[in-house]
Amino acid sequence: MNTPSADLSYAIGLDIGGTKTEAMVVDQQLHVHSRISKPTDTTNPKRVLASVTQTVYEALHLAKATAQQVQVIGVGIPGLVNPETGVVRQAVNLNLESYPLGAALKAEFDTPSFLENDVRAAAVGAFEYINRTEPVSHIAYLSIGTGVSAGMILDGRLHRGVNGMAGEIGHAIVEPDGVQCRCGTYGCLETIIAGPAIVRQALAADPTIGAPTSPDKITAGHVYTAAQSGNKAAQQIIQYVSRTIARTIQWLIMSYDIDKVLLGGGVARDGDAFLQPILHELAHLRMQSTLAREMLLDEKVARIPSDFNAGVWGAIWLAKQAVQQI
Ligand SMILES: [Zn+2]
């Protein structure tokens, strides 16, 4: 925390999720003045706005800052957004459809805001993070949590695609005979490597995994722990999941010839237990192929540290870029 000053102007980053909203207040030198996480009320659009607004005021209060000092607000949203108009076209988890969030924030705080899909925003955050230590121009950010999605930075710029959905690979079909995904299709990538999918597969193989925690509270973390403790069923599931993640990394690298694939999201928080089996599978691919030996180097894969909130940072960077262009 830094000493407050009346001369300071601030930027606010928001990562609005279906369960919680994370907010961060930074000054022009990007020093962090406050960072909080509060529940998101998704009952209806009015309540979403009220809970987000309340979170912003609390973050400002903690930073000893006022709304008048806010230069811009960057917002990451889990859904389809239009950054030009500030309209959330669709965000199922937030109960929002064709909702003018940018205009609503402008009315409340009298400051410009910039909206982006949360994973696209996190890709920008991850890109800025890695560039602190390693200059790179092309990355994929692969988020593995409750859902699975990626964001692409190509030539140093966020690649959005026609609908701003470039990287939405969680719904790429990898197992046509697999289980039905929440999107309706069968065998999407998400039905294998997302956190709930890891738990589902593990409990089907061995219902005692994670005990005595009740089955509805078991997370992917329990499965990784069980695998490390020698549970054979958990080890098999983690091997299958890691092999599928390694193949996903291979697709991303072969599709875009990028410097790095950066891994984030709730499942990636399991650290080495998460990363090591993936690196093992990549080594296996290298043993099979000269091309893989050339393209799939271990140093192309890295995990974003759990304490770095790529989504909030990315929202801030995008918002600051947007105001500089006005
Ligand atoms: Zn799907």
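Bear in mind that the values here come from a model prediction, so they are computed numbers and not experimental data.

## As for the coordination of the zinc ion
For the zinc ion, the full set of protein donor atoms is H171 (ND1), C181 (SG), C183 (SG) and C188 (SG), and the range of their distances to it is 2.1 to 2.3 Å. Seen from the zinc ion, its 4 donor atoms lie at angles of 104 to 124 degrees, and the figure they make is tetrahedral. If you list the donors of the zinc ion from N- to C-terminus, the spacing comes out as H-x9-C-x1-C-x4-C. The residues C181 and C188 share a single accessibility class, namely buried.

## A closer look at the domain arrangement of the protein chain
Domain assignment breaks the protein chain into domain 1 (10-111) and domain 2 (136-303). Each of domain 1 and domain 2 has a C-alpha centre, and these two points are 29 Å apart.

## Quick notes on helix α8 (residues 271-288)
For α8, built from 18 residues, the straight-helix expectation of 26 Å at 1.5 Å per residue is met to within 8% by its first-to-last C-alpha distance of 27 Å. Listed in full, the buried residues belonging to α8 are G271, A273, F274, L275, I278, L279, E281, L282 and R286. Elements that come into contact with the buried residues of α8 comprise β9 (139-144), α6 (220-228), α7 (232-256), β12 (260-264), α9 (290-295) and β13 (301-303).

## Remarks on the sheet that holds strand β5 (residues 80-82)
With antiparallel pairing, 3 strands are arranged side by side in an open sheet as β5-β6-β7. Strand pairing shows two members of the sheet lacking a second neighbour, β5 and β7 (96-99), which therefore form its edges. Across this sheet, the average inter-strand angle for adjacent strands is 15 degrees, counted without regard to direction. Direction of pairing for β5 relative to strand β6 (residues 87-91): antiparallel, over a ladder of 3 bridges. The partner of N82 across the bridge, within β6, is V87.

## Overview of the layout of surface pockets
There is about 670 Å³ of room inside the second largest pocket. Lining the second largest pocket we find 27 residues, and of these F114, L318, Q321, A322 and Q325 sit closest to its centre. Only α2 (101-109), β8 (113-117), α3 (118-131), β11 (157-159) and α10 (310-325) provide two or more residues apiece to the lining of the second largest pocket. Mapped onto the domain boundaries, the lining of the second largest pocket takes at least three residues apiece from domain 1 (10-111) and domain 2 (136-303).

## Some details on the packing of α3 against α10
Two quantities define a packed helix pair, namely the angle between the helix axes and the distance between the axes. Contact pair α3 / α10: the axes reach a minimum separation of 6 Å and the direction vectors enclose 90 degrees. Taken as axis vectors, α3 and α10 run roughly perpendicular relative to one another. Along the contact surface, α3 presents A121, A122, V124, G125, A126 and E128, while α10 presents A310, G311, W313, G314, A315, W317 and L318. Residues belonging to the contact of α3 with α10 are distributed by class as follows: 9 nonpolar, 3 polar and 1 charged.

## Regarding the pattern of salt bridges
A full pass over the atoms with the stated rule returns 10 salt bridges. Salt-bridge contacts for E22 lead to K20; the nearest nitrogen and oxygen are separated by 3.5 Å. Under the relative-accessibility criterion, E22 is labelled buried at 18%. For K20, a relative accessible area of 40% corresponds to the partly exposed category. A salt bridge links E58 to K38; its shortest N-O distance comes to 3.1 Å. Within this pair, whereas E58 is found in helix α1 (residues 45-62), its partner K38 is found in strand β3 (residues 32-39), the two being separated by 20 residues in sequence. What makes K38 partly exposed here is its relative accessible area of 30%.

## Details of the pairing of strand β10 (residues 148-154)
Burial of β10 is extensive: 6 of the 7 residues sit out of reach of the surface. As defined by bridge partners, β9 adjoins β10 across 6 bridges and the pair is classed as antiparallel. Note that in β10 the partner of I144 across the bridge is V148. Two elements, β10 and β11, share 3 bridges in a ladder whose sense is antiparallel. Its bridge partner lying in β11, I153 is registered against L158. In this structure, the hairpin formed by β10 and β11 is closed by a connection of 2 residues, where D155 is found at a positive phi of approximately 50 degrees.

The rules we used
- Residues numbered from 1 in each chain as written.
- Predicted model: local features only at pLDDT ≥ 70, side-chain atom pairs only at ≥ 80, totals over all residues.
- Heavy atoms only, no water.
- Donors = N, O, S within 2.8 Å, 3.2 Å for Na, K, Ca; no water.
- Tetrahedral: all angles 85-135°; square planar, octahedral: opposite > 155°, others 65-115°.
- Buried < 20%, exposed > 50% of the residue type's maximum accessible area, 1.4 Å probe, protein only.
- Domains from an automatic or database assignment.
- Helix = DSSP H or I, 4+ residues; strand = E, 2+ residues; numbered from the N terminus.
- Expected span 1.5 Å × (residues − 1).
- Contact = heavy atoms within 4.5 Å.
- Pairing = 2+ DSSP bridges.
- Axes fitted to C-alpha atoms, helices over the stretch in contact; angles between N-to-C directions.
- 1 Å grid on protein atoms, 1.4 Å probe; cavity = no way out; pocket = protein on both sides within 12 Å on 5 of 7 lines; lining within 4 Å.
- Points joined across faces, edges and corners; volume = space filled by probe spheres on them.
- Parallel < 35°, antiparallel > 145°, perpendicular 65-115°, else oblique.
- Nonpolar A, V, L, I, M, F, W, Y, C, P; charged D, E, K, R; others polar.
- Salt bridge = Lys/Arg side-chain N within 4 Å of Asp/Glu carboxyl O.

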